[in-house]
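Fold and contact review
Take a look at the letters that make up each chain.
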Amino acid sequence: MPRVYPARHPFVRDGTAYVTDNPSPGKVTGTAMGGILGVSPWETPFSIACRLLGLYGEDISDKPAVRAGQILEAPIIEYLRTQGYDTIPAEQLFEKREGAHHTWASDFDDPIFGGHVDGITAQGDIVEIKTTSNPEAWVEGVPEHYLQQASLYAYFLGADKIVFAVGVLTKDDVTNPYGWTPNPENTFVYEVEPSRTIFKDVAYIREWYADYIAQGRTPEPDLSSERDCAIIKALDAQLDEGTALLDELETIEAQLDEYKTLKDRADEIKELIA
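Residues numbered from 1 in each chain as written. Predicted model: local features only at pLDDT ≥ 70, side-chain atom pairs only at ≥ 80, totals over all residues. Heavy atoms only, no water.

Another point: the overall build of the protein chain. Helices and strands together make up the secondary structure of the protein chain, namely 7 helices and 7 strands. Helices and strands in the protein chain line up, N terminus first, as β-β-α-α-α-β-β-β-α-β-α-β-α-α. In the protein chain, which comprises 274 residues, the share counted as buried stands at 41%. The contacts of the protein chain with a sequence gap of at least 6 include a subset with a gap of at least 24, amounting to 74%. Counting every atom, the protein chain has about 15,900 Å² of accessible surface; 53% of that belongs to carbon and sulfur. (Helix = DSSP H or I, 4+ residues; strand = E, 2+ residues; numbered from the N terminus. Buried < 20%, exposed > 50% of the residue type's maximum accessible area, 1.4 Å probe, protein only. Contact = heavy atoms within 4.5 Å. Areas by Shrake-Rupley, 256 points an atom, 1.4 Å probe, with all protein chains shown as cover.)

Okay, structure coming up:
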């Protein structure tokens, strides 16, 4: 169940949707593609919309699997180079990436899409580095949500091929990533073409963004999704708390008005008896 943080912008509930006046919503990155298109095992269109509109946020940077993936990205890229892929790391190609991931400048210029590649080969192929403790998910090839992510980058950067390098980690490796070294037994490479539907998918998401995000409105939540239900619960709790605070403020202001009236009368009496 996601840990939901307070909304950054005022919002109201309209039926089962939420509406906010956030003047600067976020961009759709590669990691959001699968959620919007309904192929992500973690995200939904509703959860993505809530994130883009600033209605909730999650800090996953401290998760061991995330930290391990960040640490091992450079060694896996170097491993690719030993396997004949002339890979150029992203930091050598794009603006220096500092601070939180969501603050990085996009690798391409678009009003609603953004994203960051892990590297590009000298031939112009997109390089995407992944780590996993569930290699079974890769048995039949690149999972759809990851293919959508990299296909978005290929679409904007004009690439005809994507190279995935996937490091398989045990629980101990996740805990101690510095002790893991990529080799042919624990690191697998997939060469794939971008999704055949990427042009249609980009067009669909532009319409989706215009219908919802640009209007400051979420789509309907999926009530069968544990994630969506957790977000709804947290957002409704914030609305209830806000209503309670407004009620308390109204009561206090009424009491202050009464106090002011009494004080004014007391001042009048003091002048009369002076």
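Having seen it, we continue.
This brings us to the pattern of salt bridges. Close approach of charged atoms allows side chains of opposite charge to pair. Applying the stated criterion across every chain yields a total of 10 salt bridges. One salt bridge connects R51 with E43, and the closest N-O pair in it is separated by 3.3 Å. Among the residues examined, R51 registers a relative accessible area of 29% and is labelled partly exposed. For E43, a relative accessible area of 14% gives the class buried. Sharing partners across several salt bridges, the network here consists of E43, R51 and R227. (Salt bridge = Lys/Arg side-chain N within 4 Å of Asp/Glu carboxyl O.)

Bringing the environment of V174 into the picture now. You can see V174 is positioned in helix 5 (residues 171-175). Setting aside its immediate chain neighbours within four residues, V174 contacts P64, A65, A68, S133 and L169.

What follows covers the side chain of E43. Following the sequence through the fold, E43 ends up in the loop between helix 1 (30-37) and helix 2 (45-52). In contact with E43, other than residues within four places in its own chain, are G35, I48, R51, Y56 and R227.

A cluster of nonpolar residues, I269, L272 and I273, forms a patch on the protein surface that exposes about 340 Å² of accessible area. With respect to the helices and strands, I273 occurs in helix 7 (residues 226-273). (Patch = residues over 30% accessible without salt bridge, like charges linked within 9 Å, V, L, I, M, F, W, Y side chains within 5 Å.)

A few words now on the nonpolar core. A general tendency of soluble globular proteins is for nonpolar side chains to be buried together. In terms of nonpolar packing, the biggest core is built from 42 residues, with V28, F113, I126, F164 and W208 touching the most fellow members. For this core, the secondary structure elements donating two or more residues are helix 1, helix 2, helix 4 (144-157), strand 6 (162-168), helix 6 (198-211) and helix 7. When residues no more than four places from it in sequence are discounted, the contact partners of I126 are V117, G119, I120, A150, Y153, A154, L157, A159, K161, I162 and V163. Counting residues in each nonpolar core, the second largest holds 13 residues, with I77, V163, L169 and W180 among its members. (Core = buried A, V, L, I, M, F, W, Y, C linked by side-chain atoms within 4.5 Å.)

Turning to the packing of aromatic side chains, a few remarks are in order. If you walk through the whole model with that rule in mind, you get 11 aromatic pairs. Taken together, a centroid distance of 5.5 Å and an interplanar angle of 20° make the contact between W138 and Y146 stacked. Each member of the pair, W138 as well as Y146, carries the same accessibility label: buried. Connected via pairs of aromatic rings, a cluster forms that spans W42, W138, Y146, F164 and Y190. (Phe/Tyr/Trp six-rings, centres within 6.5 Å; stacked < 30°, edge-to-face > 60°.)

Put simply, the protein chain has an average pLDDT of 88, and 88% of its residues get 70 or more. Per-element mean pLDDT across the protein chain ranges from 74 in helix 7 up to 98 in helix 6. (pLDDT = per-residue confidence, 0-100.)

Attention shifts here to the pairing of strand 2 (residues 17-20). As defined by bridge partners, strand 1 (residues 11-14) adjoins strand 2 across 4 bridges and the pair is classed as antiparallel. The partner of V12 across the bridge, within strand 2, is V19. The antiparallel pairing of strand 1 with strand 2 creates a hairpin that spans 2 residues between the two strands, and G15 there sits at a positive phi of about 70°. (Pairing = 2+ DSSP bridges.)

In this section: the packing of helix 1 against helix 6. Interaxial distance between helix 1 and helix 6 falls to 11 Å at its minimum, and their mutual angle equals 80°. Considering the angle they form, helix 1 stands roughly perpendicular to helix 6. In this structure, helix 1 contributes M33, I36 and L37 to the contact, and helix 6 contributes I198, D201, Y204, I205 and W208. Across the contact of helix 1 with helix 6, the residue classes break down as 7 nonpolar, no polar and 1 charged. (Axes fitted to C-alpha atoms, helices over the stretch in contact; angles between N-to-C directions. Parallel < 35°, antiparallel > 145°, perpendicular 65-115°, else oblique. Nonpolar A, V, L, I, M, F, W, Y, C, P; charged D, E, K, R; others polar.)

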